[in-house]
Amino acid sequence: MPEHYRRILLLATPLILSNLTVPLLGAVDTAVMGHLPDPAYIGGVAIGGTVFSFLFWGFGFLKMGTVGFAAQAFGAGNAAEQRAAFLRPLVLALILGSLLVLLQVPLLKLCIGLIDGSRQVQDLALEYGLVRIWSAPISLANYAIIGWLLGKGEPKLTFVLQLVINSVNILLDLVFVLGFNWGVEGVALATVIAEVVGFACGLAIVLSHPLSIRNKRDWAGVLNPEKLKSLFKVNRDIFIRTLCLIFAFAYFTRISASFGDTVLAANAVLIHFLYFASYGLDGFAHAAEITTGQAKGQNNSGAFRSAVKASSFLAILSAVVFAILFLVSGPYIINLFTDIPEVREQARQYMIWLVLIPIAGVGGFQFDGIFIGTTQTRELRNAMIQSLLVFLCAISLLVPLWQNDGLWLAMLLYMFTRGLTLWRYYPALAKSIGEHQKTI
């Protein structure tokens, strides 16, 4: 096997295992709710989770932007900038997370009200949110820690950290919900505690690094106006891109809710198939972030093109594996999520869309990684806006015709369009690597 393929596999394997613990957690949340007697519990956690996708993943730039800047700093061998690439987003994360806690009541009521659902579902989602919001500063700080570790090229440490967070979360889910019967509040509390444990472990990992932030802190460098300007520019673009992405999934949930609690619950089960494929394929996207970012830091066009080729080939192969896995085992997996007969029946009717989505979406995931790693975020932002417009148009045309099938077809088109729109920008990006001198 060529060396660049081997390196991508060494990076991607722990990242895939790490990423898959995230949808596994969501799957457990849904499964423990799915074995309660009313589908409203699944819907409540689904809407609550969507709200926190808005509130937390809206700040996902704290991870994605950190990966690019850290990878380029490590590629260039700039020790001071490596430390600063961690401290800048960490401080920003703590400030933004504290603001979310202070504004929790109006934010939660607004977000839950925007996602239509029955009164029972909305009440359960609010119960979930009023507990989960207290993890905000720590959750966002964990984004900065994970982003820095990814940029440094430490996928094994990232895997350990994610495994700790999600293992604690899953264990406490089972104890709080099935053991103590705490319902949606138990699911939320489990997440809060897990995030705190993860932050303690993550900070210990960072502090143990030879270039630790405990030593030689250069606050003048951290607060360098030009670096801060670059950080906010990249983060602004990723913020807009992420809001578009989350809005698409939130709107999907809203339309699902309009079909009733049973269809909402069925779609909440099925969306976890998409999450599993997304987070699995993101392992190769993260590998592309690290390797293309380091290639840009070295200003090495050959390394950049090799990283793109190897990570993309392996990602496409994995997308096919996911599609086959879903085709063969989909009905059995649905049964693990819920024992409510009508929810199972509804979910099976729409399973075919989940078989097609990994193949349709793989291009979008890969290009995301390439553009984030090289911090070419303006194009990333523009492509996501274009894709969202296609998604909304597709929903307006297809849902009236085919109801929930039309909704899933619109999602399929959205995933495909993400890759298509970024492909248009890729030639200019590839050409730019190697044309200029190092800037870090």
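Just above sits the structure.
First things first, this report covers the structure right here in the doc. Keep in mind it's a predicted model, so treat the numbers as computed, not measured.

Rules and cut-offs
Residues numbered from 1 in each chain as written. Predicted model: local features only at pLDDT ≥ 70, side-chain atom pairs only at ≥ 80, totals over all residues. Heavy atoms only, no water. Helix = DSSP H or I, 4+ residues; strand = E, 2+ residues; numbered from the N terminus. Areas by Shrake-Rupley, 256 points an atom, 1.4 Å probe, with all protein chains shown as cover. Buried < 20%, exposed > 50% of the residue type's maximum accessible area, 1.4 Å probe, protein only. Polar contact = N/O pair within 3.5 Å; in protein donor to acceptor, adjacent residues only side chain to side chain. Contact = heavy atoms within 4.5 Å. Axes fitted to C-alpha atoms, helices over the stretch in contact; angles between N-to-C directions. Parallel < 35°, antiparallel > 145°, perpendicular 65-115°, else oblique. Left-handed = near helix turned anticlockwise from the far one by under 90°. Nonpolar A, V, L, I, M, F, W, Y, C, P; charged D, E, K, R; others polar. Phe/Tyr/Trp six-rings, centres within 6.5 Å; stacked < 30°, edge-to-face > 60°.

Quick word on the overall build of the chain
Consideration 1: Per the secondary structure count, the chain includes 16 helices and 0 strands.
Consideration 2: Surface accessibility of the chain: about 17500 Å² in total, with carbon and sulfur atoms responsible for 67%.

Focus on the side chain of Thr 191
Consideration 1: Among the structural elements, Thr 191 can be located in helix H9 (residues 183-207).
Consideration 2: On the accessibility criterion, Thr 191 (4% relative accessible area) is buried.
Consideration 3: Here the side chain of Thr 191 touches Asn 169 through a polar contact of 3.2 Å, side chain to side chain.
Consideration 4: Only 3.2 Å separates the side chain of Thr 191 from the backbone oxygen of Val 187, close enough to count as a polar contact.
Consideration 5: If we ignore the near neighbours within four places in the chain, the residues touching Thr 191 are Arg 132 and Asn 169.

Observations regarding the packing of helix H12 (residues 261-298) against helix H13 (residues 301-337)
Consideration 1: Between H12 and H13, the least distance of the axes is 9 Å, while the angle of their chain directions is 165°. In terms of their interaxial angle, H12 and H13 are classed as roughly antiparallel. The way H12 lies across H13 gives a crossing that is right-handed.
Consideration 2: Partitioning the contact of H12 with H13 into residue classes produces 21 nonpolar, 7 polar and no charged.

Points about unusual backbone geometry
Consideration 1: Notably, Asn 299 is not glycine yet its phi reads approximately 60°, a positive angle.
Consideration 2: Structurally, Asn 299 can be placed in the loop between H12 and H13.
Consideration 3: Here Gln 403, not a glycine, exhibits a phi torsion of approximately 55°, which is positive.
Consideration 4: Assignment of secondary structure puts Gln 403 in helix H16 (residues 377-432).

Re the packing of aromatic side chains
Consideration 1: Summed over all chains, the structure comprises 16 aromatic pairs.
Consideration 2: Ring geometry for Phe 252 versus Trp 408: centroids 4.7 Å apart, planes at 70°, classification edge-to-face. Of this pair, Phe 252 sits in helix H11 (residues 225-258) while Trp 408 sits in helix H16; the two residues are 156 residues apart in sequence, bridging distant segments of the chain. Each member of the pair Phe 252 and Trp 408 is classed as buried.
Consideration 3: When the ring of Phe 367 is compared with that of Tyr 426, the centres are 5.8 Å apart and the planes differ by 55°; the resulting orientation is tilted.

Don't take any of this as a statement about function, it's just geometry.
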